[in-house]
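Summary of structural features
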Amino acid sequence: MALNMTTFAAALKQHYTNERIENMVYKDNPFLAMVSKYEQFGGENLKLPIKYGIPQGRSATFSDAQANKTNSQLKAFLLTRVSDYSLASIANETIEASKGNANAFMEAATFEIDGAIESATRSLAIGLFGDGGGSIGQIDTTVAGTTLTLSETQDITNFEVGMQIDFYTAATGGTKRANGPLTVDSVNRDAGSMVVSANLNTITGITALDYIVPEGDYDLKVKGLKAWLPSTAPTSGDSFFSVDRSADSTRLAGIRFDGSSLPLEEALIGAAARVAREGGKPDVCFVNYANFADLEKALGSKVSYVDEKVNPQIGFRGILIHGPRGPIKVIPDQNCPNNVAFMLQMDVWKLYSLGKAPKILDSDGLKFLRDSSADSVEVRVGYYAQLGCRGPGYNVRVALA
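These lines cover the structure that appears in this document, whether it is placed above or below. (Residues numbered from 1 in each chain as written. Predicted model: local features only at pLDDT ≥ 70, side-chain atom pairs only at ≥ 80, totals over all residues. Heavy atoms only, no water.)

**Topic: the overall build of the protein**
Heads up, the condition is: Strands are runs of DSSP state E lasting at least 2 residues, helices are runs of H or I lasting at least 4, and numbering of each runs from the N terminus. Note that the radius of gyration is over C-alpha atoms, with the globule rule given as 2.2 Å times the number of residues to the power 0.38. Working rule for contacts: check all heavy atoms of both residues, and any pair within 4.5 Å makes them a contact. Note on areas: these come from Shrake-Rupley sampling with a 1.4 Å probe, and a residue is covered only by the protein chains present in the view. When charges are counted, neither His nor the chain ends are considered; positive counts come from Lys and Arg and negative counts from Asp and Glu. Lys charges are placed at NZ, Arg charges at CZ, Asp charges at CG and Glu charges at CD.
In terms of regular secondary structure, the protein is built from nine helices and 21 strands. The C-alpha atoms of the protein give 24 Å as radius of gyration, which agrees with the globular expectation for 401 residues (21 Å, within 12%). Along the first, second and third principal axes, the C-alpha set of the protein runs to 85 × 50 × 50 Å. When contacts within the protein are restricted to residue pairs at least 6 apart in sequence, long-range pairs at least 24 apart make up 75% of them. When the accessible surface of the protein is totalled, it reaches about 18,800 Å², and 47% of it is carbon and sulfur. Counting 38 positive and 44 negative side-chain charges, the protein places the averaged centre of each group 9 Å from the other.

**A short note on the sheet that holds strand S10 (residues 211–214)**
Across a sheet, paired strands are connected by hydrogen bonds in the backbone, their directions being either parallel or antiparallel. Basically, it comes down to this: We treat two strands as partners when DSSP finds at least two bridges between them.
If you trace the six strands from one edge of the open sheet to the other, you get S5-S10-S7-S8-S9-S6, paired in antiparallel fashion. Taken across any chain shown, the strands that pair with only one partner, and hence form the sheet edges, are strand S5 (137–138) and strand S6 (147–149). Direction of pairing for S5 relative to S10: antiparallel, over a ladder of two bridges. Across the sheet, Gly137 pairs through a bridge with Ile212, a residue of S10.

**Details of the sheet that holds strand S11 (residues 255–258)**
We count it as follows: Angles shown run from 0 to 180 degrees and are taken between the N-to-C directions of axes, each axis being a line fitted to C-alpha atoms and, for helices, limited to the stretch in contact.
Pairing in this open sheet of seven strands is mixed, and the strands run S11-S21-S16-S12-S15-S14-S13 from one edge to the other. What marks the edges here is a single partner per strand, and that holds for S11 and strand S13 (305–311). Strand after strand, the sheet turns through a mean of 30° between neighbouring axes, direction not considered. Where strand S12 (residues 284–287) meets strand S15 (residues 326–332), four bridges bridge the pair, whose relative direction is parallel. In the strand pairing of S15, Val284 is matched with Lys329. Against the sheet, helix H8 (residues 264–277) touches S11, S12, strand S14 (314–323), S15, strand S16 (340–344) and strand S21 (396–399), its axis set at about 150° to S11. In this fold helix H9 (residues 289–299) packs onto S12, S13, S14, S15 and S16, with an angle of close to 50° to the strand it touches most, S14.

**Some words on the nonpolar core**
Let me state the cut-off plainly: Among buried residues, the Ala, Val, Leu, Ile, Met, Phe, Trp, Tyr and Cys ones that are joined through side-chain atoms within 4.5 Å form a nonpolar core. Relative accessibility under 20% of the residue-type maximum defines a buried residue, over 50% an exposed one, and the middle range a partly exposed one, all with a 1.4 Å probe and only protein chains included.
By size, the foremost hydrophobic cluster in this structure holds 59 residues, and its most contacted members are Phe31, Trp228 and Trp349. Here Trp349 is in contact with Val35, Ser36, Leu225, Trp228, Leu229, Leu344, Leu387, Gly388, Cys389 and Asn395, once residues within four sequence places are set aside. Among the nonpolar cores identified, the runner-up in size contains 23 residues, and Ile255, Ile321, Met343 and Leu400 belong to it.

**Here we look at the environment of Gly53**
With respect to the element layout, Gly53 can be found in strand S2 (residues 46–53). Note on Gly53: relative accessible area 10%, which makes it buried. It is 8.5 Å that separates the C-alpha atoms of Gly53 and Asn71, two residues lying 18 residues apart in sequence. In this structure Gly53 touches Ser72, Gln73 and Arg251, once residues within four positions along its chain are discounted.

**What to know about unusual backbone geometry**
Following Gly180, the chain continues into Pro181 via a peptide bond in cis, with omega recorded as 0°. Among the secondary structure elements, Pro181 is positioned in the loop between strand S7 (164–168) and strand S8 (182–188). Look at the link from Ala357 to Pro358: it is a cis peptide, with omega at -5°. Tracing the backbone through its elements, the reader meets Pro358 in the loop between strand S17 (349–353) and strand S18 (359–360).

**Focus on the pattern of salt bridges**
Pairs can form between side chains of opposite charge once their charged atoms are near each other. Our working rule: Salt bridge criterion: a side-chain nitrogen from Lys or Arg within 4 Å of a carboxyl oxygen from Asp or Glu.
Scanning the entire structure with this criterion turns up 12 salt bridges. Residue Lys176 is joined to Asp166 by a salt bridge in which the shortest nitrogen-to-oxygen separation is 3.5 Å. One end of the pair, Lys176, is in the loop between S7 and S8; the other, Asp166, is in strand S7, with 10 residues separating them in the sequence. With relative accessibility at 43%, the residue Lys176 sits in the partly exposed group. Residue classification places Asp166 among the buried positions, given a relative accessible area of 1%.

**A closer look at the packing of aromatic side chains**
Quick reminder of the rule: A pair of aromatic rings is counted whenever rings of Phe, Tyr or Trp (Trp by its six-membered ring) have centres within 6.5 Å, and the orientation is called stacked for planes under 30 degrees apart, edge-to-face for over 60 and tilted otherwise.
This model, assessed by the stated rule, comprises 14 aromatic pairs. Taken together, a centroid distance of 6.2 Å and an interplanar angle of 85° make the contact between Phe129 and Phe286 edge-to-face. With a gap of 157 residues between them, Phe129 in the loop between helix H6 (102–127) and S5 and Phe286 in strand S12 connect regions that are remote in the sequence. Residue classification places Phe129 among the buried residues on the basis of a relative accessible area of 2%. Look at Trp228 and Trp349: their rings are 6.3 Å apart centre to centre, the planes differ by 85°, and that puts the pair in the edge-to-face class. Of this pair, Trp228 sits in helix H7 (residues 225–228) while Trp349 sits in strand S17; the two residues are 121 residues apart in sequence, bridging distant segments of the chain.

**Focus on the pairing of S11**
Here S11 shows one buried face, formed by Ile255 and Phe257, and one open face, formed by Arg256 and Asp258. Bridging between S11 and S21 involves four bridges; their strand directions are parallel. Bridging across to S21, Ile255 finds its partner in Val396.

**Structural notes on the side chain of Asp155**
Looking at the element boundaries, Asp155 is found in the loop between S6 and S7. Buried and without a salt bridge, Asp155 has Lys226 as its closest oppositely charged side chain, separated by 6.9 Å. Each residue touching Asp155, except ones within four places of it in the same chain, is listed here: Ile136, Gly137 and Leu150.

That is the geometry; function is a separate question.
Shown next, in the form of structure tokens:
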């Protein structure tokens, strides 16, 4: 059958089933794969009520108990969705050249569409560990020339050739440096550096440790683990999804454990004990690959591996450690920041989305559109989602050496 727009759309529908997109999305992103999903996040917002205090009308003396009565302490996070898009274009010449050979066309088309899905997936997976600001790295000390070196070599996995990047004074709520964006022309993944399209000092005021953000992302990304479990306790005036978490910065904003002076395995056990004191029962701990390798080497012959199966096709290998309230699977995730571990009770976390995240955006029934300014058709991939937690105090952010 000759390839035309009708057969193209039918082929896309048959090829990009929910199961196939799910497998593409989850295979290299453990936290994204393992977190529970709620895909009917409609309406303007979603209320997540949390009880962080119990009634205090209690005393061995009845009159004091009666006089001191208080209500349960409740807060409600009002989750709002963020949107994220990844677009792919396929030249009409490719479609014309493939007439009569739909298989040949699908091979070319899927190359671009798979790339768009992967780009949206990476954005979401990185964002799930982030603070909502969209930063994917920081500049090292050199701010001249066209070579941009990152302060953390591990962050180089967040960058791609052709990416448009801007620079900001702070991770969130900062000021954008003028005269951007710059284009990433090449990437040196061993050195943690890249060559950009113009001298860095053409960016007004740029300085060491400025935050690097893909163009259009700043303060518009998913509120990830760094936001729900901040490195410093929130103070009065905090407003996180309409909640001032300073009322109880542990139960509303998680636990912070400084294990930077401890051997890695001792830091994790100490953090697990701290969560247990608060009533939490963590079952998974996410680290990056460098920290995972350090743990593996430190444990030596005592290392005990465990496999985490998400579905029959997707699974992840980790290391099993034992905390005060049961076993904890330490899973490496490339999206986890260096020298930070997130030890989580997974049943209190959920990714709330409007449909699959990500997905091909086809609410009008069309999986592709004609480009208005080019001789091509466009496929749109994206998601509308937010990460939520029903018990922040059962989770700990661990600073590692």
